[in-house]
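Examining the three-dimensional arrangement
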Amino acid sequence: MPATTPNPSVTPREVMAAWGRILSGSVPMLSIEITRECPLSCPGCYAYGDAHLGAGVTLSQLHDYHGDKLVDGVVDLVRKHKPLHVSLVGGEPMIRHRELSRILPQLSAMSVFTLVVTSGVIPVPPEWMSISRLRVAISVDGLPEHHDIRRKPATYEKILKNIEGRRVNVHWVITRPMFERAGYLEEYVAFWSARSEVDRIWVSVYTPQIGEQSPEMLTTPNRETLARELPELAKRYPKFLFNDRLANAFTKPPKSPADCVFAKMSANYSADLKSRVEPCVFGGTPDCSQCGCAASMGMHMVRGVKVAGGLKVGHFIGTSVAIGRLANRLKLRPDRTVRWKPGAGSSKDENTLVQIES
């Protein structure tokens, strides 16, 4: 089966249209953990961490859904929040591929861009490739020497089989062991760039929780190496999305959730479709000083871009969130994100995290 033309990304016009939703009190991005199930046991997986949801509850303990209840529940959340972009994650979201085959066309018909993030352990249905505004991202954490150990049974062999004839993006989380061999970074980018199934490759860095000490965590010299080498790789491999401004964001990440554009612009739900993941998709108490989230870094990068005179994107975001917060208060909306409630993120201690309310 030949690979189809890739679906377009969000356009600038659609981003500007979404700004009206922010001003009216809605967030433009929504993330939903659609299942608590996953056949993998990846070291350092934040979704199954004890602190991910807080209040002594873990993802594995939640009651999740399937069938009509899952389909209706996800669509209802999207209608409620009216986002521009939805990420469907897990667990392993492909465990619910039958439900996704019903959800995805509905979201497309609602003009919502959707990203399904999967390990590739289950075949991507070929009929999904004809759904507009849909992208599928395969998580591939390093070359086989690392990935096949960390993410079995979603091995390279299985992934390549399950994406054959499809069009996908590759999401790469960089961990410290990948710096032990010279040439590793380029070898990874070269391999996936050569695959006809791959449209784009984007990169994240392992993000720890506060106080965590683990072999996945990068050192400061590791980050400096990435900032130096990855922009050069992007020049040689066009599928690899990276540049100097993004490199700067990785070396100078947001200081706290209150300083994170992505955290302010997204709402995150867990598998019961009720529990909120705060202060961002990682949950718990992420160490923002070592953040490596691709979405967070991308938005942190653009906040400093000048748009008019001395005004930057960050100024417009701050003002828009303030207006949206006022709109929520006037409408007495109980479902507004915790980060948009009065006083959220205004602690004198910039490292204090905004926690989900009971």
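Because the structure is predicted, anything quoted here is derived from the model rather than measured. (Residues numbered from 1 in each chain as written. Predicted model: local features only at pLDDT ≥ 70, side-chain atom pairs only at ≥ 80, totals over all residues. Heavy atoms only, no water.)

**A word on the overall build of the protein**
For the protein, the count of helices and strands is 11 helices and 9 strands. Across the 358 residues in the protein, those meeting the buried criterion constitute 53%. Considering only contacts within the protein whose residues lie at least 6 apart along the sequence, 75% involve residues at least 24 apart. As displayed, the protein has an accessible area near 16200 Å², and 56% of this comes from carbon and sulfur atoms. (Helix = DSSP H or I, 4+ residues; strand = E, 2+ residues; numbered from the N terminus. Buried < 20%, exposed > 50% of the residue type's maximum accessible area, 1.4 Å probe, protein only. Contact = heavy atoms within 4.5 Å. Areas by Shrake-Rupley, 256 points an atom, 1.4 Å probe, with all protein chains shown as cover.)

**Topic: helix α8 (residues 244-251)**
Three- or four-residue spacings in an α-helix give side chains the same orientation, since the helix completes a turn every 3.6 residues. Within the sequence span of α8, burial applies to Leu 246, Ala 247, Ala 249 and Phe 250. Taken end-on, α8 shows its buried residues confined to a sector of 160°, consistent with a single buried face. The backbone nitrogen of Arg 245 has a side-chain oxygen 3.1 Å away, supplied by the residue at the start of α8, namely Asn 243. (Arc of directions from axis to C-beta. Polar contact = N/O pair within 3.5 Å; in protein donor to acceptor, adjacent residues only side chain to side chain.)

**Things to note about the environment of Ser 214**
Within the secondary structure layout, Ser 214 lies in the loop between β6 (198-205) and α7 (220-236). Taking the C-alpha atoms as reference points, Ser 214 and Arg 176, 38 residues apart in sequence, are found 9.5 Å from one another. With near-sequence residues (within four places) excluded, Ser 214 lies in contact with Arg 176 and Tyr 206.

**Some words on helix α6 (residues 184-193)**
By the burial criterion, the buried members of α6 are Tyr 184, Leu 185, Tyr 188, Val 189, Trp 192 and Ser 193. On an axial view of α6, the arc spanned by its buried residues comes to 160°, and they lie on one face. Elements in contact with the buried residues of α6: α4 (144-150), α5 (156-162), β5 (168-174), β6 and α7.

**Things to note about unusual backbone geometry**
A negative phi angle characterises most non-glycine residues, just as the trans form characterises most peptide bonds. Cis geometry marks the peptide bond from Gly 90 to Gly 91; its omega dihedral reads 10°. Counting through the fold element by element, Gly 91 comes out in the loop between β2 (85-89) and α3 (97-109). In the segment running from Glu 278 into Pro 279, the intervening peptide bond is cis, with an omega of 5°. Looking at the element boundaries, Pro 279 is found in the loop between β7 (266-269) and α10 (294-302). Although it is not a glycine, Ser 111 adopts a positive phi angle of roughly 65°. Summarising the element assignment, Ser 111 is placed in the loop between α3 and β3 (113-118). Residue classification places Ser 111 among the partly exposed residues on the basis of a relative accessible area of 39%.

**Some words on the packing of aromatic side chains**
Any two aromatic rings considered together are summarised by their centre-to-centre distance and by the angle between their planes. Considering all chains together, one arrives at 8 aromatic pairs under this definition. When the ring of Tyr 156 is compared with that of Phe 191, the centres are 5.6 Å apart and the planes differ by 50°; the resulting orientation is tilted. Of this pair, Tyr 156 sits in helix α5 while Phe 191 sits in helix α6, and the two are 35 residues apart along the sequence. Judged by centre distance (5.3 Å) and plane angle (50°), the ring pair of Tyr 156 and Trp 192 falls under tilted. (Phe/Tyr/Trp six-rings, centres within 6.5 Å; stacked < 30°, edge-to-face > 60°.)

**Here's the deal with the pattern of salt bridges**
Per the stated rule, a full pass over the model turns up 13 salt bridges. Between Arg 151 and Asp 141 there is a salt bridge, with the nearest N and O atoms lying 3.2 Å from each other. With Arg 151 in the loop between α4 and α5 and Asp 141 in the loop between β4 (134-139) and α4, this residue pair connects regions lying 10 residues apart in the sequence. Note on Asp 141: relative accessible area 5%, which makes it buried. For Arg 167, the salt bridge goes to Asp 199, with nearest N and O atoms at 2.4 Å. In this pair, Arg 167 is assigned in the loop between α5 and β5 and Asp 199 in strand β6, connecting sequence segments 32 residues apart. Because the salt bridges share partners, they merge into one network encompassing Arg 36, Glu 37, Asp 64 and Arg 96. (Salt bridge = Lys/Arg side-chain N within 4 Å of Asp/Glu carboxyl O.)

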